[in-house]
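Each chain, letter by letter, is given below.
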Amino acid sequence: MSQRIVQVDAFSSEPFRGNPAAVCVLEQPGEEAWMQSVAREMNLSETAFLYPRGDAYHLRWFTPSTEVELCGHATLASAHVLWQDGYLRPAEPALFETRSGRLKAITSAEGIELDFPARPAGDPAPEEVATALAEALEVQPLGLAHNPFDYIVELQSEAAVRAVRPDFGRLALIARRGVIVTASAGEELAESGVDFVSRFFAPAYGIDEDPVTGSAHCTLGPFWEQRLGRSQLTGYQASERGGLVRVRMRGERVTLIGQAVTVLEGTLLA
């Protein structure tokens, strides 16, 4: 039996930028081993699988090596495909049932808006972990905190964030999904309306560096809201591909806003 698959560049308005995700809209639940095999074959940071259930779509995300609890760019890509391929009307919200609860996507003048849970990182890292992170990243952090999912490392400048060259083998030993490195935006980006920059590393999940990580902004939003005193923020993820994520803090929820473009449509034969 064949299966349609679509590849979407998320958090970008142009092809070959942002973060690519593959999307499979299924008629019924997929077999887990098959979904993991497809994700490994696609070899993207995430492949999304969804099928209709009640008034929503059940949604799961897989890296090439494992299933994840939350993924922003593949959710944005999934909503884009549902509207593009006529599963939903353009003005109809996309509702998703996931491991992280019910998520929602709508279209707006700015792009696609995702309603996600906020994930503040308020706890300081243990001293031994802070030392291991500093050594694996080869940096001197201004601050370091964590939540149950990620560590967040604040550096002195945008230039310092861009210059990080991690030891991925050592980074993979740190017991969290990933590591966010961030700093306030430099002068040039700040003049264009960007508030902060970041990069995201998750070698333990099979992703050395993720191009644009929507879910990381569930942590970056509260982090920079506290420092800048504003609930409306714009982040730039300074990977090789790069991408903008607009963030609107709403207490325990966060709105992530980005655009998406389809770059490939095909058929899985296996």
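Secondary structure summary: the protein chain contains seven helices and 18 strands in total. In summary, the protein chain has a C-alpha radius of gyration of 18 Å against a globular reference of 18 Å for 270 residues, a match within 12%. In terms of principal-axis extent, the alpha carbons of the protein chain reach across some 55 × 40 × 30 Å. Buried residues in the protein chain amount to 56% of all 270 residues. Taking all contacts inside the protein chain whose residues are at least 6 apart in sequence as the whole, residues at least 24 apart take part in 63%.

Sheet analysis places strand 9 (residues 123-124) next to strand 10 (residues 143-146), joined by two bridges and oriented antiparallel. In the strand pairing of strand 10, Asp-123 is matched with His-146. Two strands pair when backbone bridges link them, and strand 10 and strand 11 (residues 150-154) are joined in this way by four bridges, in the antiparallel orientation. Residue pairing in the sheet places Gly-143 in a bridge with Glu-154 of strand 11. What sits between the antiparallel neighbours strand 10 and strand 11 is a turn of three residues.

So, about the packing of aromatic side chains. Counted according to the given criterion, the structure contains five aromatic pairs. The interplanar angle of 80° and the centroid separation of 5.8 Å between the aromatic rings of Phe-49 and Phe-62 together place this pair among those described as edge-to-face. Remark: Phe-62 occurs in strand 4 (residues 56-62) and Phe-49 occurs in strand 3 (residues 46-53); sequence separation between them is 13 residues. Both residues of the pair, Phe-49 and Phe-62, belong to the buried class. Between Phe-223 and Trp-224, the aromatic rings sit 5.4 Å apart at their centres with planes inclined by 75°, giving edge-to-face as the arrangement. Trp-224 carries the same exposure label as Phe-223, and that label is buried. When the ring centre of Phe-149 is taken as origin, the NZ or CZ atom of Arg-119, which lies over that ring, is 3.4 Å away. The ring of Phe-223 has Arg-227 lying over it, and the distance from NZ or CZ to the ring centre is 3.5 Å.

Here is what the cut-offs are and how they apply
Residues numbered from 1 in each chain as written. Predicted model: local features only at pLDDT ≥ 70, side-chain atom pairs only at ≥ 80, totals over all residues. Heavy atoms only, no water. Helix = DSSP H or I, 4+ residues; strand = E, 2+ residues; numbered from the N terminus. Rg over C-alpha atoms; globule rule 2.2 N^0.38 Å. Buried < 20%, exposed > 50% of the residue type's maximum accessible area, 1.4 Å probe, protein only. Contact = heavy atoms within 4.5 Å. Pairing = 2+ DSSP bridges. Phe/Tyr/Trp six-rings, centres within 6.5 Å; stacked < 30°, edge-to-face > 60°. Lys NZ or Arg CZ within 6 Å of the ring centre and 35° of its normal.

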